[in-house]
Amino acid sequence: MSRILIKDADYIVTVDKDRRIIRNGAIAIDGDRIAAVGKIGDIPPAFAADEILDARGKLVLPGLFDTHIHNAQQLGRGLGDEAYSGPERLFRRLWVVEANMDAGDALCAARLTQLELLRAGITCFADPGNYFAAETARAVEESGARGMIARTVFDMGQTSMGSLPRNFFEPTDDALARADEMVAEYNGALDGRLKAWFSMRVPVACSDDLLRRIAALARKRNVGVLGHACENRDEIVASHLKYGMGDISRLDRLGMLGPNLLLMHMGWVDTKELMLLQRNDVKVSLAPGASFHQAMGNIAHGKAPEMHELGITLSLGSDSAMSGNFLDAIRQTFLLVGGYHEARLDPKVIRPETAVEMITINGARSMLWDDDLGSLEAGKKADITILDIMRPEWQPVHNPIANLVYCAHGGSADTVFVDGKCLMRDKKVLTLNEFDLYEEARDRAASLAKRAGLAQVAATPWPMT
Ligand SMILES: [Zn+2]
């Protein structure tokens, strides 16, 4: 295990308990953990580095979190565009693409997803489920990233929103047995880089029986459940039509609310449901990019400022190449903060510091991983993102946190460590073969779009010669 010294960083944004920002800072990495953080004088003189990384002109952060991405949807990039409604997007685009994939497509998609994440400085993701857990896990093994995977469990072919593709649901017992096997096999795998939880992709396509039993299995395996909820108005209407209540009230009735539940989107929560979330310490992953792109109304109708005031743990997710269309946690901070400034006519309604917490320590807390991750502190895992700030959009720097949220994007990411291993250096990902992957993805994506009957949905009306 190597010992690395990062030194002379312009800024180290620790996100520790005191939220210290260290000028001209240094970090000592010993194996897979952080040995010390501070000024160079705070590094123990006995620390003998095998390698020294000069971080002048750099800003160092905890490895960034994206708590909502879909490895399986990467080859469908753009094929969800301008779907008229939630049901059209889910039933006629996203799930049709996933239902037409083979294992080779899934592996290629997961590699490409993780490449995009690392290039944006994201070291840890949460994926709320697909039917290709083995391929998703294999991509994590190869990329060196950290993540949470899940296996989709749907047991209803017909819902009050529409019908699922034929191979996209299973009998309840089969779905549960396969998900349980997947958790047993992958939770804690890859030296602890992988977590495997139970998926609840969309509540309206899951029976009460399935959801109750998922919660019981999660308790038995001592893991959590992650999935979508309160995503758009269509989904809430569908839940009311079938169950007489919205998602959160239904999940409460089924005994699913708890600190190990991570819910994504959450733009259509009733005021009284906010208290249920707070009381049960439910974690919430907001997806402002997906809402902007797909007209979900999660900002215009969302309650993120109120959730924050109530102390609910909020994190951010990019969703997928078929929903938000890009994977970039830093851009998500701008969309969230700027979106609420606009919607509430209040330029302080969510502060940039709050947004940076969402993609660091709160991301870790949402995945019950904050003992080891989410801040730069001695003893924590050495998951570190280094941004290049010698770029026009970064200069000058009066407030590095404001610049990060209001000016930067994931393209600033220069170097990334996970478990003390360097996965990207000078913007080059060391673990994946970027250009071979682009070529494979192009061919597979064209064939997949054709098989899914979606080859024309993303075509530009401009003549292409
Ligand atoms: Zn999603």
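**With respect to the overall build of the protein chain**
When helices and strands are tallied, the protein chain shows 15 helices and 18 strands. Taken over C-alpha atoms, the radius of gyration comes to 21 Å for the protein chain, in line with the 23 Å a tight globule of 465 residues would show. When the 465 residues of the protein chain are sorted by exposure, 63% land in the buried category. Put simply, of all contacts in the protein chain between residues at least 6 apart along the chain, 73% involve residues at least 24 apart.

**Some thoughts on the coordination of the zinc ion**
Protein-derived ligands of the zinc ion are His 68 (NE2), His 70 (NE2), His 228 (NE2) and Asp 319 (OD), with the metal-ligand distances lying across 2.0 to 2.8 Å. Considering all four donor atoms around the zinc ion, the spread of angles at the metal, 75 to 166 degrees, places the coordination shape in the irregular class. On the primary sequence, the residues serving as donors to the zinc ion are separated as H-x1-H-x157-H-x90-D. With His 228 in strand β11 (residues 225-229) and Asp 319 in the loop between β14 (314-316) and α11 (329-344), this residue pair connects regions lying 91 residues apart in the sequence. Note on accessibility: His 228 and Asp 319 belong to one class, buried.

**Considering the domain arrangement of the protein chain**
Per the domain assignment, the segments of the protein chain are domain 1 (3-62 + 382-429) and domain 2 (64-366). A straight line from the C-alpha centre of domain 1 to that of domain 2 covers 29 Å. In this complex, domain 1 contributes 25 residues to the contact, which on the side of domain 2 involves 27 residues. Here domain 1 meets domain 2 over a buried area of about 2,200 Å², counting both sides, of which 67% is carbon and sulfur. Considering only the surface of domain 1 that becomes buried against domain 2, Val 405, Tyr 406 and Val 429 emerge as the three largest contributors, covering 24% of it. Note that Asp 419 and Arg 146 form a salt bridge whose closest N and O atoms lie 2.8 Å from each other.

**Some details on the sheet that holds strand β8 (residues 146-149)**
Two pairing modes exist for strands in a sheet, parallel and antiparallel, and in both the strands are linked by backbone hydrogen bonds. An order of β6-β7-β8-β9 is seen for the four strands of this open sheet, with the pairing classed as parallel. Looking at which strands have only one partner, the edges of the open sheet turn out to be β6 (64-66) and β9 (194-196). For this sheet the average axis-to-axis angle between neighbouring strands, irrespective of direction, equals 15 degrees. Inspection of the sheet shows β6 paired to strand β7 (residues 122-126) by three bridges, in the parallel sense. Across the sheet, Asp 66 pairs through a bridge with Phe 125, a residue of β7. Strands in contact with helix α4 (residues 172-186) are β8 and β9; relative to β9, the strand with the most contacts, it is inclined by about 155 degrees.

**Quick notes on the state of the cysteines**
With the rule as written, the count across this model stands at zero disulfides. No disulfide involves Cys 124; its sulfur sits 18 Å from the nearest other cysteine sulfur, which is in Cys 422. Cys 124 sits in the buried class, given a relative accessible area of 0%. Residue Cys 422 is classed as partly exposed on the basis of its relative accessible area, which comes to 22%.

**Remarks on the pattern of salt bridges**
All told, the structure shown has 38 salt bridges when counted by the stated rule. As a salt-bridge pair, Arg 93 and Glu 88 come within 3.3 Å of each other at their nearest N and O atoms. The salt bridge partner of Arg 451 is Asp 105, with a shortest N-O separation of 2.7 Å. One end of the pair, Arg 451, is in helix α15 (residues 434-451); the other, Asp 105, is in helix α2 (residues 103-119), with 346 residues separating them in the sequence. For Arg 451, a relative accessible area of 38% puts it in the partly exposed group. Residue Asp 105 is classed as buried on the basis of its relative accessible area of 2%. What you see here is one network of salt bridges that share partners, running through Asp 32, Arg 146, Lys 381, Asp 383 and Asp 419.

Calculation criteria
- Residues numbered from 1 in each chain as written.
- Predicted model: local features only at pLDDT ≥ 70, side-chain atom pairs only at ≥ 80, totals over all residues.
- Heavy atoms only, no water.
- Helix = DSSP H or I, 4+ residues; strand = E, 2+ residues; numbered from the N terminus.
- Rg over C-alpha atoms; globule rule 2.2 N^0.38 Å.
- Buried < 20%, exposed > 50% of the residue type's maximum accessible area, 1.4 Å probe, protein only.
- Contact = heavy atoms within 4.5 Å.
- Donors = N, O, S within 2.8 Å, 3.2 Å for Na, K, Ca; no water.
- Tetrahedral: all angles 85-135°; square planar, octahedral: opposite > 155°, others 65-115°.
- Domains from an automatic or database assignment.
- Buried area = accessible area lost by both parts, 1.4 Å probe.
- Salt bridge = Lys/Arg side-chain N within 4 Å of Asp/Glu carboxyl O.
- Pairing = 2+ DSSP bridges.
- Axes fitted to C-alpha atoms, helices over the stretch in contact; angles between N-to-C directions.
- Disulfide = S-S within 2.5 Å.

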